[in-house]
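Fold and contact review
Given next are the chains, with one letter for each unit.
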Amino acid sequence: MTATRTPDAARVEPNSSGSPSAGLDRTGLIAVAGWAYSVAIGLSACLLFTLELIVGLLLLPLLGGAPSVWATTLGFFQLILLLGYLYAHVSVTRLGRLGPIVHLILAGVAVAALVFGPTMADIHFDSMHPVLQVLLTLAVAVGLPSFVLCATTPLLSAWLTTVLSSSAGAAASAGAGKDPYRLYVVSNAGSLLALLAYPLLIEPALGLGTQRVVWGACFGLLLVLLVVVGSLRVWAAGRAGGMAGGVAAGGVAAGGASSAPAPERLAVRRMARWLFLAAVPCGLLSAVTNFITADLISAPLLWVGPLGIYLATFIVAFSARGRRPVAVATALAPAMATLLWVPFGYSALWPTLPLLLLELSGFAVIALTLHGALAADRPGPSRLTFFYLVVSAGGVLGGAFVGFVAPVVFPGIWEYPMLLVAALAGIPVLATRLRGGAAAAGRQKTAAASDEVPATAPTAGEPQPPTKPGLDLGPFVAGARGRLAPFIVIGAACCVPIALARPIVLVAVVPFLVIGGLILLVGAKPRMLTTMTAVVLAAVVLVQPLAPIYSERDFFGVVVVKRDDGVTTMWHGTTPHGSQWTDPARSRQPRSYYDRRGPLGDVMALAQARGGQKMGIIGLGAGVISSYERPNDYMTYFEIDPAVVRVAEDPNLFTYLSEAPNRPAVIVGDGRLELRTIPDASYDVLILDAFSGDAIPTHLLTVEALQDDLRVLKPGGLLVVHVSNRYYDLAPAVAAGVKRLGMTAEGRTFSPTAAEIEDGAKACDWVVATLVPDQLAPLASDGWSVVGPAEQPITDDYPDVLRFARFGSWLTSQ
């Protein structure tokens, strides 16, 4: 038999068993492995961010619905992400073939913890600082499952590279697996899918109880996928001769011989740059979320906006086609960073929707710029898990700065402007790095041209032409058109809805726009741009038109007391929470939402006509309701924020409590939780007047919460709910809830006259409910009427309140 030579182009390499179909087998294995690993990583990321939203919702009722709950939750998951990436790095570089086995054991233990571990309702750290309460509750309830999910992306990325290398050889690995960072894009895409699906599909369709069951089932499915991909990794390592670390981690063979090139050497300065590029966007993520939810109800739909943008910028930056969007964002970044601080100091005057769009778009531009620079500077596959580790450490630094440090260290919301200055400090330098090659080529061309001495140029020794005196502004205004054009266009677009809603506000907005424009005009030099911005922001934050006489910040927000024109007012964020005349003759006159001519005055007159009343009040504020107390009345307040209690009890600030005939008791804690310790039938009147900023904590309006309220009311008692809100119509929600409990609800909207406003009254909405409808008959003459209930009430299982939003007011409300 004559041997026939097979052409190289058609030659099929034999596999380990000598079969000529090895090429097809390898191709199929590569395809299966790629899909299996991608699905596992995508599902893991989807589960992680769904878990983040679920536990955020479950935590809100434990701490009064404060926006800081979400910021602290973000910080917790960033910390777990860091621990997960550290574990992944150690697993890939040290555990070798044992790594998949250890990870599968951890995943199995996590499943057992979900099934047999305590729920959040069973975990109590009430005596600790709220930040520690959130962190410890999350650690006990979901710490291990979230740890497994956080470690999955870097682990599986490294495992896949090993599988591809051993199955298809160097050529296939270079083709199918040449960029392991593509799985980073898959991970972020899965996270983004979860963020979009949760508020739009999952939350409206499934109750929290069902969500937990479905999530647990999906986590079990992930465990099955981990068994599959882990088995592939163990098989691949054995096939490669017992490789311990794999190509992706620069692994070392079991016997000590290296099978891959030496890991890329990293300079400390480069790693510090990675930390910075990861920390600033993550810090801005929490800061922007706090900013936009301070007056709006903290809910998933508002959480996912900034978080979705954050993930989308990662996807774009690390994608193959991300270079152009990153270049555009880098050009826009100085203008957008400047626009973001224009509302500072006067954000309450802005219409909500334009403010939201400005904050989210500005954050998107800055995050994409910084993440683009991070992606451009990423190392090769040999440092993949270490790169993930450093990026996660930067995320922890940024998230911890906003979620843990700022509420304790800063007396006001200082972290947001500080992060904007940090972003501006880095953007010009990063832009220069991104232009890298083109800039270098340009400099070389310029240098070459400068070497050619023009014929008319003076030679050495000849007298030089005199220099014109004056300041050369050229270096400062270079490129001003590119910085100013987007600033002017977007700034003008923001002014349109402001002018339509409330033209007088432009008096405050336009000067800030002018200042920002001047800074950008002369901001060609990075240090000049950053320094001038820092000076302006320091003035905005520290110098206010009316200096407060008291200011305190804690986990629940910033409480400020101002005194002007004979009136002392308590502010929480941008919302007044009670005021009092400084004139002793009028100091017992209830003002604003509590005016005697308003709805609360009607209800108090109705109740007090029956004799002495025992009243419970959830929400203290300045203690204005105490002005209704008579010698035969007794009041008990429930207030979660210790700072509010200190303000209300300080007679140098407010005297409602100290001047009451019977000093009201104040119980510090969440009203709903503390009410469970009160005996049945304790109160004749129960008033719900709790607000976080301009938002009512929704856990106080659920059917289950209203059931607790009804329990502590005496037969025929009155449940009174303050539902004034710029953005939500909550009266139908309350009416639907009390209807399910067999109560009748009536409401009144108070629109004071100009004279009444001058006398301290303020527009407001109140609802009163009772089991004895006839009791409410006298209110009809005061303008009260039956409130039409919503189709479905708010419940603990379905706490979605956005269906009651007045979205039209988001465009015009101030």
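Residues numbered from 1 in each chain as written. Predicted model: local features only at pLDDT ≥ 70, side-chain atom pairs only at ≥ 80, totals over all residues. Heavy atoms only, no water.

In this section: the overall build of the protein chain. Regarding its fold elements, the protein chain presents 23 helices and twelve strands. Put simply, the protein chain has 814 residues, and 55% of those count as buried. With an accessible surface of roughly 34,000 Å², the protein chain has 65% of that area assigned to carbon and sulfur atoms. (Helix = DSSP H or I, 4+ residues; strand = E, 2+ residues; numbered from the N terminus. Buried < 20%, exposed > 50% of the residue type's maximum accessible area, 1.4 Å probe, protein only. Areas by Shrake-Rupley, 256 points an atom, 1.4 Å probe, with all protein chains shown as cover.)

Let us look at the sheet that holds strand 3 (residues 567-572). Across the sheet, which stays open at both edges, the four strands sit in the order 1-2-3-4 with antiparallel pairing between neighbours. The sheet is open, and its two borders are formed by strand 1 (550-554) and strand 4 (575-581), each paired with just one other strand. Here the strands of the sheet are splayed against their neighbours by 15 degrees on average, with no regard to which way each runs. Here strand 1 runs beside strand 2 (residues 557-564); their pairing, made up of five bridges, is antiparallel. When the bridges of strand 2 are listed, Asp 554 appears paired with Gly 557. (Pairing = 2+ DSSP bridges. Axes fitted to C-alpha atoms, helices over the stretch in contact; angles between N-to-C directions.)

The full count for this structure, using the stated rule, is four cavities of 30 Å³ or more. Each pocket or cavity is described by its volume, and for the largest cavity that value is around 370 Å³. Lining of the largest cavity is provided by 25 residues; of these, Phe 49, Gln 78, Leu 81, Tyr 85 and Leu 311 occupy positions nearest its centre. Looking at the lining of the largest cavity, the elements with two or more residues in it are helix 1 (22-59), helix 2 (68-95), helix 4 (130-176), helix 5 (182-205), helix 8 (300-318) and helix 11 (384-409). Its residues placed into classes, the lining of the largest cavity shows 16 nonpolar, eight polar and one charged. (1 Å grid on protein atoms, 1.4 Å probe; cavity = no way out; pocket = protein on both sides within 12 Å on 5 of 7 lines; lining within 4 Å. Points joined across faces, edges and corners; volume = space filled by probe spheres on them. Nonpolar A, V, L, I, M, F, W, Y, C, P; charged D, E, K, R; others polar.)

Another aspect to go through is the packing of aromatic side chains. The full count for this structure, using the stated rule, is 14 aromatic pairs. One aromatic cluster is present, built from ring pairs that chain together Trp 274, Tyr 310, Phe 314, Phe 318 and Phe 387. Note that Arg 591 overlies the ring of Trp 581, its terminal NZ or CZ placed 4.4 Å from the centroid. The residue whose ring lies beneath Arg 596 is Tyr 628, and the NZ or CZ to ring-centre distance is 4.6 Å. (Phe/Tyr/Trp six-rings, centres within 6.5 Å; stacked < 30°, edge-to-face > 60°. Lys NZ or Arg CZ within 6 Å of the ring centre and 35° of its normal.)

We now examine the environment of Leu 114. Take Leu 114: it is sitting in helix 3 (residues 98-116). Here Leu 114 falls in the partly exposed class, since its relative accessible area comes to 31%. Once you skip the residues sitting within four places of it in the chain, Leu 114 turns out to touch Pro 145, Trp 215 and Phe 219. (Contact = heavy atoms within 4.5 Å.)

What follows deals with the packing of helix 2 against helix 7 (residues 268-293). The packing of two helices is summarised by the inter-axis angle and the distance between the axes. At a minimum axis separation of 9 Å, helix 2 and helix 7 run at an interaxial angle of 160 degrees. The angle between the axes of helix 2 and helix 7 places the two elements in the roughly antiparallel class. Read as a crossing pair, helix 2 and helix 7 show a hand that is right-handed. Residues Trp 70, Ala 71, Leu 74 and Gln 78 of helix 2 touch helix 7, and the partners they reach there are Cys 282, Leu 285, Ser 286, Thr 289 and Asn 290. In terms of residue class, the contact of helix 2 with helix 7 is built from five nonpolar, four polar and no charged. (Parallel < 35°, antiparallel > 145°, perpendicular 65-115°, else oblique. Left-handed = near helix turned anticlockwise from the far one by under 90°.)

To continue, consider helix 20 (residues 703-712). Among the ten residues of helix 20, seven are classified as buried, and the element is accordingly described as predominantly covered. Of all the residues in helix 20, the buried ones are Val 703, Ala 705, Leu 706, Asp 708, Asp 709, Leu 710 and Val 712. Against strand 5 (614-618), helix 19 (671-675), strand 8 (683-688), strand 9 (713-722) and helix 21 (731-740) lie the buried residues of helix 20.

With that out of the way, let us pick up the confidence of the model for the protein chain. When the pLDDT values of the protein chain are averaged, the result is 81; 81% of them are 70 or greater. Long-range and interchain partners of residues 168-178, a stretch whose pLDDT sits below 50, account for twelve contacts in this model, where long-range means more than four residues apart. Under a pLDDT of 50 for its full length, residues 242-259 has, in the predicted model, 49 contacts with residues more than four places off or in other chains. (pLDDT = per-residue confidence, 0-100.)

We now examine the environment of Ala 761. Relative to the assigned elements, Ala 761 resides in the loop between helix 22 (754-758) and strand 11 (764-770). On the basis of relative accessibility, which here comes to 6%, the residue Ala 761 falls in the buried class. Among all residues touching Ala 761, those that are not within four sequence positions of it are Ser 592, Asp 595, Arg 597, Phe 750, Pro 752 and Glu 756.

This part covers a nonpolar patch on the surface. Together, Leu 95, Leu 98, Ile 101, Val 102, Ile 105 and Val 109 make up an exposed nonpolar region whose accessible area comes to about 480 Å². Residue contributions to the nonpolar patch peak at five residues, all from helix 3. Summarising the element assignment, Val 102 is placed in helix 3. With relative accessibility at 30%, the residue Val 102 sits in the partly exposed group. (Patch = residues over 30% accessible without salt bridge, like charges linked within 9 Å, V, L, I, M, F, W, Y side chains within 5 Å. Salt bridge = Lys/Arg side-chain N within 4 Å of Asp/Glu carboxyl O.)

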